[in-house]
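# Structure assessment
Single-letter residue listing:
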Amino acid sequence: MNEKMRALGKSPSKIREIFEYSRGRKALLGEENVFDFSLGNPSIPAPESVNESIKELVCESDSVALHGYTSAQGDLSVRQSIADSITKRFGVTATADDIYMTCGAAASLTITLKAICNPGDEVIVLSPFFPEYSVFIENAGAKRVEVKALPPDFTLDFNALENAITVNTVAVLINFPNNPTGAVLNEDEAKRLSSVLEKRSQEYSKAIYLISDEPYRELSYEEEVPFMPNYYKNTIVDYSFSKSLSVPGERIGYIFVPSVVHESRDVYAAVCGAGRSMGYVCAPSLMQYAIKNCVYDTSDIEEYNQNRILFYNSLSDLGYTVTKPGGAFYLFVKSPSGDSNEFCERAKKYEILMVPSDSFGVKGYARIAYCVKRETIEKSIPAFKALIEEYKE
Ligand code: PLP
């Protein structure tokens, strides 16, 4: 048996652990009496276009072809439709040959990392970060190097990033809008990030890849997130439709390797090789065909925006220190005691379920997923009030 895999299987992520706890509480108390903010599971239905597209495909297509394997890299017409949408939306030339269809962002990331990493390579992540990054980077045989984002807004620390890049750095992994802080990169920051990477690439005479993990791209409420291939040539985009189309269980996303990336065709070949070596075979064919017709659509994102404003204002008014999120669907709240685990444990007394920040690589905060019904937020406010009162006693 592989001991590492056994250990991984026996220690589910903190997010999943709390989610499982919530199921027990809901069974006991009723769904409406538990304020479950643990999981980033979209709460808004998929747009009509997704369901219409699936219905039409199932009712009107040749069933054998519909459910058959596609090319390993994804159906050509689907990849063409995604490439066209990238060109149209961001002004970057994309072709079908630059797109590799995946089973969502988790697969995009594991495949990309496996494709570009060799043993001993370092991958820089900005903390706080999505905890599964640790698993994905280790799976690729690389070492995770953390660069702390700057509170209170969790912006990028360019000096720390520059210092963290070594001759062993193969990639910097970013995620904007960010899980768990909701931070969004602005255009100036995109330019600065690019110049740090250019500078270090030149100093070490090697390409440093920027991996942009983008499951929340469309969930940006105040400004469009800069599309990094427009700023830094060696960017690989790992995209997912999980959140934008509310289809996380359907497992569909893609990798975009722009043709200007260093050794682009070899990187793309390595992506195909990595997907093959991990047994992905091809992304789900029904979902590939379904999203082909929905590449410009999103769920009703304004619903999340309303949740964001209501929750942020309410918690701030109660005296919590909260980072105002620009995107995604998370609030990052400071623990009044400075201890994230203590805060989340104490909150359970009020049936408030949040995820302590330690597994995101930063201590002293809790993550609240606000992709929930509006009533859940409204009903939880008195509970949050009672909770913070305890710290004032
Ligand atoms: N990356 C980040 C930052 C995430 O928050 C998530 C899921 O929550 C993923 C990747 C994985 O997303 P997917 O469901 O598309 O695999």
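Calculation criteria
Residues numbered from 1 in each chain as written. Predicted model: local features only at pLDDT ≥ 70, side-chain atom pairs only at ≥ 80, totals over all residues. Heavy atoms only, no water. Disulfide = S-S within 2.5 Å. Buried < 20%, exposed > 50% of the residue type's maximum accessible area, 1.4 Å probe, protein only. Near = heavy atom within 4 Å. Polar contact = N/O pair within 3.5 Å; in protein donor to acceptor, adjacent residues only side chain to side chain. Areas by Shrake-Rupley, 256 points an atom, 1.4 Å probe, with all protein chains shown as cover. 1 Å grid on protein atoms, 1.4 Å probe; cavity = no way out; pocket = protein on both sides within 12 Å on 5 of 7 lines; lining within 4 Å. Sits in = over half its atoms within 2 Å of the grid points. Pairing = 2+ DSSP bridges. Helix = DSSP H or I, 4+ residues; strand = E, 2+ residues; numbered from the N terminus. Axes fitted to C-alpha atoms, helices over the stretch in contact; angles between N-to-C directions. Contact = heavy atoms within 4.5 Å. Core = buried A, V, L, I, M, F, W, Y, C linked by side-chain atoms within 4.5 Å. Domains from an automatic or database assignment. Buried area = accessible area lost by both parts, 1.4 Å probe. Salt bridge = Lys/Arg side-chain N within 4 Å of Asp/Glu carboxyl O.

### Let's talk about the state of the cysteines
Summed over the entire model, instances satisfying the criterion amount to zero disulfides. The cysteine Cys103 is free of any disulfide, with Cys282 supplying the nearest cysteine sulfur at 8.0 Å. Residue Cys344 stays outside any disulfide, its sulfur separated by 16 Å from that of Cys371, the closest cysteine. The class of Cys344 is buried, set by a relative accessible area of 4%.

### Things to note about the site of the ligand
By nearness alone, 14 residues border the ligand, and Asn179, Asp213, Tyr216, Ser240 and Arg251 come closest of all. Contact distances for the ligand include 2.7 Å between an oxygen atom and a side-chain N or O atom of Tyr216. Look at the ligand: alone it shows 400 Å² of surface, and the protein chains cover 92% of it. Taking a 2 Å distance to the grid points as the criterion, the majority of the atoms of the ligand fall inside the largest pocket.

### Some details on the sheet that holds strand β2 (residues 99–102)
Taken in spatial order, the seven strands make up an open sheet running β2-β8-β7-β6-β5-β3-β4, and their pairing is mixed. At either end of the open sheet lies a strand with only one pairing partner, and these are β2 and β4 (143–148). In this sheet, adjacent strand axes meet at a mean angle of 20° when their direction is disregarded. In this structure, strand β6 (residues 209–214) lies alongside strand β7 (residues 235–240), joined through five bridges in parallel fashion. The partner of Asp213 across the bridge, within β7, is Asp238. Each of β2, β3 (122–127), β5 (169–174), β6, β7 and β8 (253–256) touches helix α6 (residues 104–116); the most contacted strand, β7, lies at about 155° to it. Across the sheet, helix α10 (residues 264–277) touches β2, β6, β7 and β8, and the angle it forms with β2 is around 20°.

### Details of the environment of Ile352
Mapped onto the secondary structure, Ile352 falls in strand β11 (residues 352–353). Taking relative accessible area as the criterion, Ile352 reaches 0% and is therefore assigned buried. For the pair Ile352 and Phe35, spaced 317 residues apart in the sequence, the C-alpha separation amounts to 4.8 Å. Discounting chain neighbours no more than four positions away, the residues touching Ile352 are Phe35, Phe37, Cys344, Ala347, Ala383, Phe384 and Leu387.

### Quick word on the nonpolar core
Grouped together as the largest cluster of nonpolar side chains are 36 residues, with contacts concentrated most on Phe311, Leu315, Tyr320 and Phe384. Broken down by secondary-structure element, the contributors of at least two residues to this core are α12 (302–318), β10 (330–334), α13 (340–348), β13 (365–369) and α14 (374–392). Looking at which element gives the most residues to this core, the answer is α14, with six residues. Shared between two domains, this core holds at least three residues of each, these being domain 1 (3–47 + 300–392) and domain 2 (49–292).

### Digging into the domain arrangement of the protein
Domain boundaries assigned for the protein yield domain 1 (3–47 + 300–392) and domain 2 (49–292). For domain 1 and domain 2, the distance between their C-alpha centroids amounts to 26 Å. Taken residue by residue, the interface counts 32 residues in domain 1 and 36 residues in domain 2. Across the interface of domain 1 and domain 2, roughly 2,500 Å² is buried in total on both sides, 61% from carbon and sulfur atoms. Its largest share of buried area at the contact with domain 2, domain 1 owes to Pro47, Ile301 and Phe360, together 22% of the area lost on that side. Counting every contact that joins domain 1 to domain 2 gives three salt bridges. One salt bridge in this structure joins Lys4 and Glu138, with 3.3 Å as the shortest N-O distance.

### Regarding the pairing of β10
Counting buried positions along β10 yields four of five residues, so the element is predominantly enclosed. Hairpin connection of strand β9 (residues 322–323) to β10: six residues between the antiparallel strands, including Ala328 at a positive phi of 60°. Here β10 pairs with β13 via five bridges, running antiparallel. Along β13, the bridge assignment pairs Tyr330 with Ala369.

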